Amino acid sequence: MKAFTIDYNPTRYEKGERIPLTICDYDREAQTVTIVVQTIGAGTMRMMDLNVGDELMDFVGPLGCASELCEEKNLEETRQKKIVFIAGGLGIAPVYPQVKWLHEHGIDADVIVGAKNRSLLILEKEMEAVAGNLYITTDDGSYGRSGMVTTTIEDLVDNGAKYDLCVAIGPMIMMKFTALLTKKLEIPEGKLCGHNCADGCIYWNPYKRDGNGRQYRNWYSKYYYPSERQGCLSFKR
C-alpha cells in the first residue's frame, strides 16, 4: 500500500487502464492531491514502481456526489448531530477528508477504523489529529482492539454513547453487517459515501448490470447510494 501526492501538471501520454482510486487529501496552494493505492492488478503494480518526479498520463476527478456532511449550507444542521464514521481497509482514505473538513469547521466526529492487521492500517496519525475519538480495531488483534468494527460500535453504545448518524465506508461484508447493526441500534445511516468511483464503486454488485450496462445495486444500497443522487459521470439516465 502506498500514498501518492500528485502534482496537477499532466504532460505524458501512454496506454493504460482507468482504475478508481480515492482522493484522501489535497493542497490547494501546492496544487496537489494525495491518493492511496493498494496493489491489486497490473495497473496498481506499475504505480508502485513510480518514484518522485515520475508522471501519470492523466488524472480524472473528483467523480461522484460530494458528501452532504461537507457542505456549507448544511453546516448548522450538521453541528447538531453526533456523528460516527466507520472505516474499513481502504475505506479509511475517503473517511479521512470528511472528518478533516468537519474538524476544520468545529465538528469533532468519532471514528472507528478497522484493518486486517497493523501493517494494513493507514492514516492513523492524520486521523488521530482530526477525530473527536479514534478507535482502532484489527482482525488479528495485532494493534488496538481485537475484532470487528461492529463490536466496537456496539460496545460504545452499550457504554452510553449516542449517535445521530453513522457513515460507513469499507468492504462490502463490513457494510452489510454495519447496516444491520445500526438498524438494530436505531442509528440512522448516511445516505451515501460521497466518493463513488464510476464502475469501481464498492456499493454495486459486480455480477449484475442494468439496461444501461451499469452495475446493479445490491440490497443495502438504500442506506448509502440512492439512485436519485446518482453522480457518476459514466451513468446514462
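About the criteria used
Residues numbered from 1 in each chain as written. Predicted model: local features only at pLDDT ≥ 70, side-chain atom pairs only at ≥ 80, totals over all residues. Heavy atoms only, no water. Helix = DSSP H or I, 4+ residues; strand = E, 2+ residues; numbered from the N terminus. Buried < 20%, exposed > 50% of the residue type's maximum accessible area, 1.4 Å probe, protein only. Contact = heavy atoms within 4.5 Å. Pairing = 2+ DSSP bridges. Axes fitted to C-alpha atoms, helices over the stretch in contact; angles between N-to-C directions. Parallel < 35°, antiparallel > 145°, perpendicular 65-115°, else oblique. Left-handed = near helix turned anticlockwise from the far one by under 90°. Salt bridge = Lys/Arg side-chain N within 4 Å of Asp/Glu carboxyl O. Expected span 1.5 Å × (residues − 1). Patch = residues over 30% accessible without salt bridge, like charges linked within 9 Å, V, L, I, M, F, W, Y side chains within 5 Å. Areas by Shrake-Rupley, 256 points an atom, 1.4 Å probe, with all protein chains shown as cover.

(A) Examining the overall build of the protein more closely. Broken down by element type, the protein carries seven helices and 10 strands. A total of 237 residues make up the protein; the buried ones form 43% of that total.

(B) The arrangement of the side chain of Thr-137 in detail. Topologically, Thr-137 is positioned in strand β6 (residues 134–138). Classification of Thr-137 by relative accessible area gives buried; the value is 1%. With residues up to four places along the chain from it excluded, the contact list for Thr-137 reads Val-113, Gly-114, Ala-115, Tyr-143, Arg-145, Gly-147, Met-148, Val-149 and Thr-152.

(C) Quick peek at the pairing of strand β2 (residues 22–27). Alignment of β2 against strand β3 (residues 32–37), held across five bridges, turns out to be antiparallel. Across the sheet, residue Ile-23 finds its bridge partner in β3, namely Ile-35. What sits between β2 and β3 in their antiparallel hairpin is a turn of four residues, with Gln-31 showing a positive phi close to 60 degrees.

(D) Representation of the sheet that holds strand β7 (residues 145–146) within the structure. If you walk across this open sheet you meet the five strands as β7-β6-β5-β4-β8, and the pairing is parallel. Since the sheet does not close on itself, it has two edges, and those belong to β7 and β8 (165–169), each with one partner. Bridge count for strand β4 (residues 83–88) against strand β5 (residues 110–115) is five bridges, and the pairing is parallel. Across the sheet, Ala-87 pairs through a bridge with Val-113, a residue of β5. Sitting on the sheet, helix α3 (residues 92–104) touches β4, β5 and β8, and the angle it makes with β4 is about 155 degrees.

(E) Spotlight on the packing of helix α5 (residues 149–158) against helix α6 (residues 172–185). Packing of α5 against α6 brings their axes to within 10 Å, and their N-to-C directions diverge by 15 degrees. Comparing the axis directions of α5 and α6 gives the class roughly parallel. Taken as a pair, α5 and α6 cross one another with a handedness that is right-handed. Between α5, through Val-149, Thr-150, Ile-153, Glu-154 and Val-157, and α6, the contact on the second element is made entirely by Met-174, Phe-177, Thr-178, Leu-181, Lys-184 and Leu-185.

(F) Expanded view of the environment of Gly-144. Checked against the element boundaries, Gly-144 lands in the loop between β6 and β7. Judged by its relative accessible area of 53%, Gly-144 is exposed. A C-alpha to C-alpha distance of 9.4 Å links Gly-144 and Gly-114, two positions 30 residues apart in sequence.

(G) Seen up close, unusual backbone geometry. Residues other than glycine seldom take positive phi values, yet Gln-31 does so here, at roughly 60 degrees. Mapping Gln-31 onto the fold places it in the loop between β2 and β3. Non-glycine residue Leu-123 carries a positive phi angle of around 55 degrees. Tracing the chain through its elements places Leu-123 in the loop between β5 and α4 (124–130).

(H) Summary view of the pattern of salt bridges. Scanning the entire structure with this criterion turns up six salt bridges. Notably, a salt bridge pairs Asp-25 with Lys-100, separated by 2.9 Å at the nearest N-O pair. With Asp-25 in strand β2 and Lys-100 in helix α3, this residue pair connects regions lying 75 residues apart in the sequence. One salt bridge in this structure joins Arg-79 and Glu-76, with 2.7 Å as the shortest N-O distance. Pair noted here: Arg-79 and Glu-76 are both in helix α2 (residues 75–79), with a separation of three residues, about one helical turn. For Arg-79, a relative accessible area of 38% puts it in the partly exposed group.

(I) Structural view of α6. Between its first and last C-alpha, α6 extends 20 Å over 14 residues, near the 20 Å set by a 1.5 Å rise per residue. Within the sequence span of α6, burial applies to Met-174, Met-175, Thr-178, Ala-179, Leu-181, Thr-182 and Leu-185. Looking one or two places after α6, you find Glu-186, whose phi comes out positive at around 60 degrees.

(J) The arrangement of a nonpolar patch on the surface in detail. A grouping of Ile-173, Phe-177 and Leu-180 is seen on the molecular surface, where their side chains present a nonpolar patch of about 290 Å² in accessible area. Since its relative accessible area comes to 40%, Leu-180 is described here as partly exposed.

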